[in-house]
Amino acid sequence: MSALNLDTWRDLPAAQQPEWPDRGALDDVVTELRGLPPLVFAGECDRLKDELAAVARGEAFVLQGGDCAETFAGATADNVRNKIKTLLQMAIVLTYAGRVPVVKIGRLAGQFAKPRSKNTETRDGVELPAYRGDMVNGFEFTEASRVPDPGRLLRAYHSSAVTLNLARAFTKGGYADLRQVHAWNQDFVAGSPAGQRYERLAREIDQALAFMSACGAEPAEFHTVEFYSSHEALILDYDHAMTRIDSRTGLPYDVSAHMVWIGERTRQLDHAHVEFFSKIRNPIGVKLGPTTTADEALTLVEKLNPANEPGRLTFISRMGAGKVRDALPPLVEKVTASGAVVTWICDPMHGNTFEAAGGYKTRRLEDVIDEVTGFFEVHRALGTHPGGIHIEFTGDDVTECVGGGHQILEEDLALRYETACDPRLNRSQSLDLAFRVAELYRGD
């Protein structure tokens, strides 16, 4: 792989990397990872790239979501099924409302590492290394738990393999049948305090399915769905070790996921993450916060997609509800004017976090919806395509974000606050969001 210059990132500063106490142990793990089978295949990555190219043309919409930070303990059949179930429920609503295919991408099977604003955490006068995700160290606040352990990279690989196997079984084995998913949505609408607001759309979907059934239409797409995995490729030793040369093309792919992205904290133009991503052939994303300049965005395009390949580069804006309408237009306008083919999607979660009175980090669903609304407004005003949403959610009934039809108040947060890092929308709030985005898409 060195012949392809895949190691050039090692000569550059790399933000947010663990301080591994034993480089020899890390080298042994990396060697073992290099010999393990791919988790995904290059052809699948290319298929996703084609679907994202359709999004860039305005012919499809992206629904990307899942855990803020996956845990090894969370790789169970029930947890994976509930997340996929919620994603499929959201997708059917968005597919019908937008009259376009929905590209379904999970923050799943690899989202085990998290960037942190501080290297250490202090509790009751005790200072320990920050929790950087199960791929790096343990959540438990003890000295032994918080030491970065390279062996966790292998656990992340095997946990990802289990999760992907479950995801493929659920999406190909009949669980994703369109009529079954719609029945779940009907149950949600019937039991939701906001149900009347969503009833019309649910009834329209019901009538469309009944019409197709009466016509004898039974396409294969009714019974299975394409589902893709993604994660923030934060720990470069892991993603570099998972890079393979495709036998068809001789090109390198990071086969730990179909799509990988660079976070807001690691998108420095002269740093290691951008350099590494410039070498792999996966579809890739870059998070853009409110301080991003149009010149930075254009330089990222030049560095990461010099051939202007459709579907290759996705910009994921994460501005905050109060900033998106001012910060996003100059980026979209100048990137579009340059002729660059970019897929634009909105992360309405990360710019809208605040600390509640009880000390819990949380988000308001209305702020999330407001940022998505601003995202749509910006693209509609510029004549560009609002290509999708990127959210942190779970299929469980947690109490981590406030608001929603089944109202969660700040004093309710302690009831089921289970996230390993940032607050996630629960199943009900996620479906609330899907119906609200559907209204935006239809212009209701």
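These numbers were taken from a predicted model, which means no experiment stands behind them.

**Quick notes on the packing of aromatic side chains**
Thinking step 1. This model, assessed by the stated rule, comprises 14 aromatic pairs.
Thinking step 2. The interplanar angle of 20° and the centroid separation of 6.1 Å between the aromatic rings of phenylalanine 188 and phenylalanine 435 together place this pair among those described as stacked. Here phenylalanine 188, found in helix 6 (residues 178-191), pairs with phenylalanine 435, found in helix 13 (residues 427-442); they are 247 residues apart in sequence, far enough to count as distant.
Thinking step 3. When its relative accessible area of 5% is taken as the criterion, phenylalanine 188 is described as buried.
Thinking step 4. By relative accessible area, which is 2% here, phenylalanine 435 ends up buried.

**Thoughts on the nonpolar core**
Thinking step 1. Leu304, Phe315, Trp344, Ile389 and Leu433 are the most contacted members of the largest nonpolar core, which totals 88 residues.
Thinking step 2. When residues in this core are grouped by element, the largest group, 11 residues, is from helix 3 (residues 77-98).
Thinking step 3. The residues contacting phenylalanine 315, other than those within four sequence positions of it, are Val286, Leu288, Ala297, Leu300, Val301, Val335, Val342, Thr343, Trp344 and Ile345.
Thinking step 4. Membership of the second largest hydrophobic core comes to 28 residues, among which are Ala42, Met135, Leu164 and Ala241.

**Here's the deal with the side chain of glutamine 17**
Thinking step 1. In this fold, glutamine 17 is placed in the segment before helix 1 (23-34).
Thinking step 2. One polar contact links the side chain of glutamine 17 to the main-chain amide nitrogen of leucine 236, over a distance of 3.1 Å.
Thinking step 3. At 3.5 Å, the side chain of glutamine 17 and the side chain of histidine 273 are in polar contact.
Thinking step 4. If near-sequence neighbours (up to four positions away) are discounted, glutamine 17 is found in contact with Leu234, Ile235, Leu236 and His273.

Cut-offs applied
- Residues numbered from 1 in each chain as written.
- Predicted model: local features only at pLDDT ≥ 70, side-chain atom pairs only at ≥ 80, totals over all residues.
- Heavy atoms only, no water.
- Phe/Tyr/Trp six-rings, centres within 6.5 Å; stacked < 30°, edge-to-face > 60°.
- Helix = DSSP H or I, 4+ residues; strand = E, 2+ residues; numbered from the N terminus.
- Buried < 20%, exposed > 50% of the residue type's maximum accessible area, 1.4 Å probe, protein only.
- Core = buried A, V, L, I, M, F, W, Y, C linked by side-chain atoms within 4.5 Å.
- Contact = heavy atoms within 4.5 Å.
- Polar contact = N/O pair within 3.5 Å; in protein donor to acceptor, adjacent residues only side chain to side chain.

Scope: geometric values only; no functional claims are made or implied.
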